[in-house]
Amino acid sequence: MRIFGISLYVIIALIFAVHAVRTQQNMYWLLILFLFPGLGSLVYLFVVYLPGLRGSRGARAATKAFSRLVDPDRAVREARMDFDRAPTVAHRMRLAAALLDAGNALEALEHYRAAASGPFSSDPALLQGLARAQFANGEAAAAQQTLERLFVVHPIAREQSEPALLYARALAALDAPGTRAAFEAALTCASDAAPRCLYADWLARQSNDADRRRARDLYAEIMHDAKHWPRYAREHNSEWLQRAQSALSR
């Protein structure tokens with residue numbers, strides 16, 4: 001009976017290993033499945049297989065989160081190795097993005113600035129990454145200028161969720177004219193709850209009662225819409241849900 005149980009664990013692990021190869025999952029899953037066939041299969045079931053049945057976006061999000069849990073420095077380590085081997089602009093930008101995602105905004109900014117000093121200074125991805133790093137380092141004015149340059153060389157960026165929201169946040173940090181319009185523009189191209197929550201936060205700090213009412217309406221919209229979101233959407237927007245709930249309870 002014990003041998004049968006062990007064999008069953010191995011068979012299940014083999015099935016998931018075939019799935020991992022066919023769906024091009026990261027190869028560390030094979031290591032996990034074969035080293036820990038029972039526990040590894042259980043983790044793979046909930047982290048990759050079941051989310052994959054509900055949609056690829058959930059699977060990617062779950063896999064990415066698990067990857068960071070298992071090896072949080074992997075992205076930075078691999079990007080740094082590639083850059084050391086071939087210090088191209090593309091590799092520098094990849095390293096800067098990995099550093100920024102890992103919370104090392106200062107070093108990320110150094111790499112973005114170095115990349116921006118070369119012939120690719122007008123590259124949209126470079127300008128957006130530079131603005132992110134500037135904002136993360138408290139340089140809101142520099143981020144504003146970088147984004148305005150991005151909008152000149154790549155006008156469609158005004159209609160993209162991330163640069164539009166970052167521009168509104170930079171203006172809000174500077175208490176600059178145009179903040180309201182920038183947030184309204186960010187709402188029109190929003191891909192998650194972040195623009196509504198951050199706009200509501202800004203409105204709640206204004207002295208106008210109408211702005212405060214609008215803030216509560218935006219928080220309430222987030223909580224209402226969350227009831228109909230799939231699990232991966234709730235997990236992705238967990239920070240904004242918590243902030244909206246906290247604001248409404250005050």
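In case you missed it, the structure is sitting above this.
Chains are numbered independently. Their residues run from 1 in the order of the written sequence. This being a predicted model, a pLDDT of at least 70 is required before a residue's local features are given, and a value of 80 or more before pairs of side-chain atoms are given or counted; all residues contribute to the totals for chains, interfaces and linings. As a convention, hydrogens and water are excluded, and side-chain values are obtained from all of the structure's heavy atoms.

A. Spotlight on the overall build of the chain. A run of H or I in DSSP counts as a helix once it spans at least four residues, and a run of E counts as a strand once it spans at least two, with each numbered from the N terminus. Each helix and strand counted, the chain has 15 helices and zero strands in total. Accessibility here uses a 1.4 Å probe with only protein chains present; expressed as a share of the type maximum, an area under 20% marks a residue as buried, one over 50% as exposed, and anything in between as partly exposed. Sorting the 250 residues of the chain into buried and exposed places 37% on the buried side. In this description, accessible areas are obtained by the Shrake-Rupley approach with a 1.4 Å probe, and a residue is regarded as covered only by the protein chains that are shown. For the chain, the accessible surface area stands at approximately 14,600 Å², while carbon and sulfur atoms represent 57% of it.

B. Layout of helix α13 (residues 209–226). Each residue after the first adds 1.5 Å to the expected span of a helix. Compared with an ideal rise of 1.5 Å per residue, which puts 18 residues at 26 Å, α13 spans 26 Å between its outermost C-alpha atoms and is within 8% of the ideal. Buried within α13 are the following residues: D211, A215, L218, Y219, I222 and A226. Viewed along the axis of α13, the buried residues span an arc of 95°, placing them on a single side of the element. The contact definition used throughout considers only heavy atoms, calling two residues in contact when any of these lie within 4.5 Å. Looking at the buried positions of α13, the neighbouring elements they touch are α11 (179–188), α12 (194–204), α14 (231–236) and α15 (238–249). Two or three places before A210, at the start of α13, stands the capping residue N208, its side-chain oxygen 2.6 Å from that residue's backbone nitrogen. By arc we mean the arc of the directions from the helix axis to the C-beta atoms, nothing more. Residues adjacent in sequence count toward polar contacts only when both atoms are side-chain atoms; beyond that, a polar contact is any pair of N or O atoms within 3.5 Å, and within protein one must be able to donate a hydrogen and the other to accept it.

C. Focus on the nonpolar core. Counting residues in hydrophobic clusters, the biggest one holds 35 residues, and the most contacted among them are L147, F183 and Y219. If you list the elements that add at least two residues to this core, you get α8 (124–136), α9 (140–153), α10 (161–174), α11, α12, α13 and α15. Among all residues touching Y219, those that are not within four sequence positions of it are C197, A200, D201, A204, A244, A247 and L248. We define a nonpolar core as any set of buried Ala, Val, Leu, Ile, Met, Phe, Trp, Tyr and Cys residues linked to one another through side-chain atoms lying within 4.5 Å. Among the nonpolar cores identified, the runner-up in size contains 18 residues, and M93, L95, A108 and Y112 belong to it.

D. Layout of the side chain of T146. Secondary-structure assignment places T146 in helix α9. By relative accessible area, which is 8% here, T146 ends up buried. In contact with T146, other than residues within four places in its own chain, are L127, L130, A131 and Q134.

E. Focus on the side chain of D82. Mapped onto the elements, D82 comes out in helix α5 (residues 74–85). A relative accessible area of 17% places D82 in the buried class.

F. A look at α8. With 13 residues, α8 should cover 18 Å at 1.5 Å per step; its first-to-last C-alpha distance of 18 Å lies within 8% of that length. Looking at α8, one finds that the buried residues are L126, L127, Q128, G129, L130, A131, A133 and Q134. Lining the buried residues of α8 we find α6 (89–101), α7 (105–116), α9 and α10. Among the residues of α8, the N-terminal cap falls to D123, whose side-chain oxygen and the backbone nitrogen of A125 are separated by 3.1 Å. One or two steps after α8, the chain reaches G138, where phi turns positive at roughly 80°.

G. Here's a closer look at the packing of α13 against α15. Their axes nearest at 9 Å, the elements α13 and α15 cross at an angle of 130°. Of the possible angle classes, the one that applies to α13 and α15 is oblique. Remark: the crossing between α13 and α15 carries left-handed chirality. Contact with α13, carried on its side by R216, Y219, A220, I222, M223 and A226, involves W240, L241, A244, Q245, A247 and L248 of α15 and no other residues of that element. In the contact of α13 with α15, the residues fall into 10 nonpolar, one polar and one charged. In this description, a line fitted to the C-alpha atoms serves as the axis of each element, helices being fitted only across the stretch in contact, and the angle between N-to-C directions of two axes falls anywhere from 0 to 180 degrees. In what follows, roughly perpendicular refers to angles from 65 to 115 degrees, roughly parallel to angles under 35, roughly antiparallel to angles over 145, and oblique to any angle outside these ranges. Should the near helix be turned counterclockwise from the far one by less than a right angle, the crossing is left-handed, whereas a clockwise turn marks it as right-handed. Under the convention adopted here, Pro, Cys and the residues Ala, Val, Leu, Ile, Met, Phe, Trp and Tyr are nonpolar, Asp, Glu, Lys and Arg are charged, and Gly plus all remaining residues are polar.

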